[in-house]
Amino acid sequence: MTDETRSKPRRLTINILRHNPSDPGSEPHMASYQIDETPGMTLYIALNRIRDEFEPSLQYDFVCRAGICGSCGMLINGRPNLACRTLTEKLDAEITLAPLPVFKLIGDLSVDTGEWMRAMSERLETWVHQNEAVNPDRLEEPMDPDLAEEIYELDRCIECGCCVAACGTARMREKFVGAVGLNKLARFRLDPRDQRTDEDFYELIGDDDGVFGCMSLLGCQDVCPKDLPLQTQIAFLRRKMVKA
Ligand code: SF4
Ligand code: F3S
Ligand code: FES
C-alpha cells in the first residue's frame, strides 16, 4: 500500500430504511448514501452529513450525543445500539440502519419510545410507594451504602429501548414490560423506602406480560448500552414471585 492510498479516507455506504407513516404516499424503502469517513466519526456525525449534504428530510433523534438521553437508539447492522456512541471505524464500510422495532415509528430512524415507556411506567407504578400505616411521619432511615450503590446501578437505565427492541417476547406481546420494566421493578423491590409488599409486586408483574413472559432469550442484556445486569434482576424477581 502506498502512502497515498493509506491516507485516503474510507468511502462509507450507509443504507437507511426510510418511511414516513404520516405521508400516505410513502412506502418503506432502502436508500443509500455515500460519504467519506473522517477521524472519530460517529453515526451521529455521519447522519448529520447525510442530512446536510443529500437529504434534509431525513428523520432521526439525538439530544445529548453522549449516551445519556437514550434518544438515538436504532438498529445498526440489525443490532439495537446508540448511534451517538457508535464509531464508524468499528464497522464495515457498508452500514445498514433501521428504526427500532416494537416502538411507534415517527419517520425513518425516529421512533416514539416515550409513549411506550410512559405506559410501562404507569402500569408498573415506578415510583416509591410509602405506606402511611407503616411510616406515618414518612421518615427516611439512612440507607446501607452497598444497597444505595446497588440501586444507583439500576437507576443508570436511560430508557433507550434497545433491550425491548432486542427481545423476542416484546415483539410478540404488545404489553410485555420488557427488561427495562423488570429492571425498574427490581430497583423498587430493593428500595427499603418502597413499602409495597411481595403480593403488591406480584399483582404488577406476576403474569405473562411481566416476569413470566420472559423466556430468558438474553438479547436484552447483550445489547444494553449501560451494561445493566438485567438477567440477575429478572432472576431475582422471578424468585421473589415464586415465593409470593
Ligand atoms: Fe436501554 Fe439498558 Fe435501560 Fe434497556 S435497560 S432501556 S437497554 S439502558
Ligand atoms: Fe426478553 Fe431479555 Fe427476557 S430478551 S425474553 S426480557 S431475557
Ligand atoms: Fe443521547 Fe445518543 S443522543 S444517548
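Residues numbered from 1 in each chain as written. Chains lettered and ligands numbered in written order. Predicted model: local features only at pLDDT ≥ 70, side-chain atom pairs only at ≥ 80, totals over all residues. Heavy atoms only, no water.

K.L.:
Looking at this structure, I do not really get the overall build of the protein. What am I missing?
P.N.:
A tally of helices and strands in the protein yields 10 helices and seven strands. Taking the principal axes of the C-alpha coordinates as reference, the protein spans close to 75 × 45 × 30 Å. Within the protein, the proportion of its 244 residues that are buried is 45%. Counting contacts in the protein only where the partners sit at least 6 residues apart, residues at least 24 apart contribute 63% of the total. Taken as a whole, the protein presents about 13200 Å² of accessible surface, with 49% of it coming from carbon and sulfur. For the protein, the separation between the mean place of its 29 positive charges and that of its 41 negative charges on side chains is 3 Å. (Helix = DSSP H or I, 4+ residues; strand = E, 2+ residues; numbered from the N terminus. Buried < 20%, exposed > 50% of the residue type's maximum accessible area, 1.4 Å probe, protein only. Contact = heavy atoms within 4.5 Å. Areas by Shrake-Rupley, 256 points an atom, 1.4 Å probe, with all protein chains shown as cover. Lys, Arg positive; Asp, Glu negative; His and termini not counted. Charge placed at Lys NZ, Arg CZ, Asp CG, Glu CD.)

K.L.:
Just checking my understanding: could you explain helix α3 (residues 113-124) for this structure?
P.N.:
The terminal C-alpha atoms of α3, which comprises 12 residues, lie 16 Å apart, in line with the 16 Å expected from a rise of 1.5 Å per residue. Considered for burial, the residues of α3 that qualify are Thr 113, Trp 116, Met 117, Met 120, Ser 121 and Leu 124. Viewed along the axis of α3, the buried residues span an arc of 130°, placing them on a single side of the element. In this structure, the buried residues of α3 make contact with β7 (110-112), α5 (162-165), α7 (178-190) and α8 (198-205). Here α3 starts with a cap whose side-chain oxygen sits 3.1 Å from the backbone nitrogen of Gly 114, and that cap is Asp 112. Once α3 finishes, Glu 125 follows within two positions and takes phi at roughly 50°, a positive value. (Expected span 1.5 Å × (residues − 1). Arc of directions from axis to C-beta. Polar contact = N/O pair within 3.5 Å; in protein donor to acceptor, adjacent residues only side chain to side chain.)

K.L.:
What should I look at first to understand the environment of Phe 176 in this one?
P.N.:
Relative to the helices and strands, Phe 176 resides in the loop between α6 (168-172) and α7. Separated by 74 residues in the primary sequence, Phe 176 and Val 102 have C-alpha atoms spaced 11 Å apart. Apart from the residues within four sequence positions on either side, Phe 176 is in contact with Trp 116, Cys 167, Thr 169, Ala 170, Leu 182, Asp 208, Asp 209, Gly 210, Gly 213 and Cys 214.

K.L.:
Any chance you could explain empty space enclosed by the protein here in plain terms?
P.N.:
Once rolled over the atoms, a probe with the size of a water molecule shows which space is left empty. In total, this model carries two cavities of 30 Å³ or more according to the counting rule given. One number sums up the size of the largest cavity: a volume of about 110 Å³. Surrounding the largest cavity, 14 residues form its lining, Cys 157, Glu 159, Cys 160, Cys 163 and Cys 224 being those nearest its centre. Taken together, the residues of the lining of the largest cavity sort by class into 11 nonpolar, one polar and two charged. Computed from the structure, the second largest cavity encloses a volume of approximately 90 Å³. As for the second largest cavity, its lining consists of 14 residues, of which Cys 167, Phe 176, Cys 214, Leu 217 and Cys 220 are closest to the centre. Elements represented by at least two residues in the lining of the second largest cavity include exactly α7 and α9 (219-223). (1 Å grid on protein atoms, 1.4 Å probe; cavity = no way out; pocket = protein on both sides within 12 Å on 5 of 7 lines; lining within 4 Å. Points joined across faces, edges and corners; volume = space filled by probe spheres on them. Nonpolar A, V, L, I, M, F, W, Y, C, P; charged D, E, K, R; others polar.)

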